[in-house]
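A closer look at the structure
So you can see what is in the structure, the chains are spelled out below.
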Amino acid sequence: MDKLRWGLLSTARINRALISPLRASKRSELVAVASRDADKAKAYAREWNIPRAFGSYEAMLADPNVDAVYISLPNSLHVEWATRCAQAGKHVLCEKPLALTVDEVDRMIAAAKQHHVVIAEAFMYKHHPQTLKVLELVEQGVIGELLLIKGAFTFNLALERPDDVRMIAELGGGSIWDLGCYPISYTRLVARAEPIEAFGWQMLSATHVDVVFSGQLRFANGLLAQFDCGFRAPYRMALEIVGTTGALEMNAPFRPEGDEQLTLKRGKRSEVIRTPHKELYSGEVEDMESAALDGKPQRVTLEDSRANVSTICALLESTRTGRAIQI
């Protein structure tokens, strides 16, 4: 097999971000879309010029002409449909968060191994040249020994779309799952280690999801991390990585789409470091192609996703107990 034939599992808004890179790739082809509403699937297929439309998810999974599936369902449905895709022999690119518990991730890991398929979490920033440059600079010791990482990701979903699925607790809603997962993931990526302690605070909505979350992480080597995320504040996105001899600052760490700026600060001097522009979601497609077609290691492994979910669960447990949680 020299090309992946993709199907979209749902007609969610986020799909449009993946359609363009799928069509731009010579090793992928968008062939199908599925919805629980046949008319909706057909209308979506016409709108986006997709060859086949299915009126159920099961029907698309039964199609031997679909090799890989993009899952953009609500968070609470990820584990069910990722495992069902695997059982059908389909590779899976699943929107973040991959799952809501460590046990759910373990089910996905077992399914991927048993059915010899690739399951990957869709953290697009991990494939971008800006992220790879940050890792290079940190590993080269350009900012010295790591001391502190601070991140933020917010926007006003509660005002703009109060009935959004991310505001529904039963569907796995909440800002830490939707937005906080980014600074947590980025911190762990830069640290090249897992936190040993987590502490969090949250503000809940009337629907019992966190709309403001602030968290702290501590690592065994002394590195500290702080982040905030939320659905009530204005749009904010930033990451600062502080070392003993310098700091790296980013104004668009999680969605670098062409106007991002990476700044290296040492003493009173600042230097803007340019990185190549790349279509934000194309790296996810390329990594799936590499893993599924060539058998190469994934950049976003299931073990890494498991650790991110474990950290988020520890932070949420801290908010429930009012104490720091050992991880």
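About the criteria used
- Residues numbered from 1 in each chain as written.
- Predicted model: local features only at pLDDT ≥ 70, side-chain atom pairs only at ≥ 80, totals over all residues.
- Heavy atoms only, no water.
- Helix = DSSP H or I, 4+ residues; strand = E, 2+ residues; numbered from the N terminus.
- Expected span 1.5 Å × (residues − 1).
- Pairing = 2+ DSSP bridges.
- Axes fitted to C-alpha atoms, helices over the stretch in contact; angles between N-to-C directions.
- Right-handed = clockwise from strand over helix to strand, strands pointing away.

**Digging into helix H10 (residues 302-321)**
The terminal C-alpha atoms of H10, which comprises 20 residues, lie 28 Å apart, in line with the 28 Å expected from a rise of 1.5 Å per residue. Once H10 ends, the next one or two residues include Gly322, with phi positive near 75°.

**Digging into unusual backbone geometry**
For the bond running from Lys96 to Pro97, omega is -10°, close enough to zero to count as cis. With respect to the helices and strands, Pro97 occurs in the loop between strand S5 (91-95) and helix H5 (102-115). Even without being glycine, Asn49 reaches a positive phi, approximately 55°. Within the fold, Asn49 resides in the loop between helix H2 (38-48) and strand S3 (52-54). A positive phi angle is found at His208, which is not glycine, with a value near 70°.

**Some thoughts on the sheet that holds strand S2 (residues 28-34)**
Reading across from one edge, S3-S2-S1-S4-S5-S6 is the order of the six strands in this open sheet, with parallel pairing throughout. In this open sheet, the two strands that pair with only one neighbour each are S3 and strand S6 (119-122). Strand-to-strand, the axes of this sheet are offset by a mean angle of 25°, without reference to chain direction.

**Some points on the pairing of S6**
Taken together, the four bridges between S5 and S6 define a ladder with parallel strand orientation. Residue pairing in the sheet places Leu93 in a bridge with Ala120 of S6. Considered for its hand, the β-α-β crossover made up of S5, H5 and S6 is right-handed.

Function-wise, these values are silent; they only describe arrangement.
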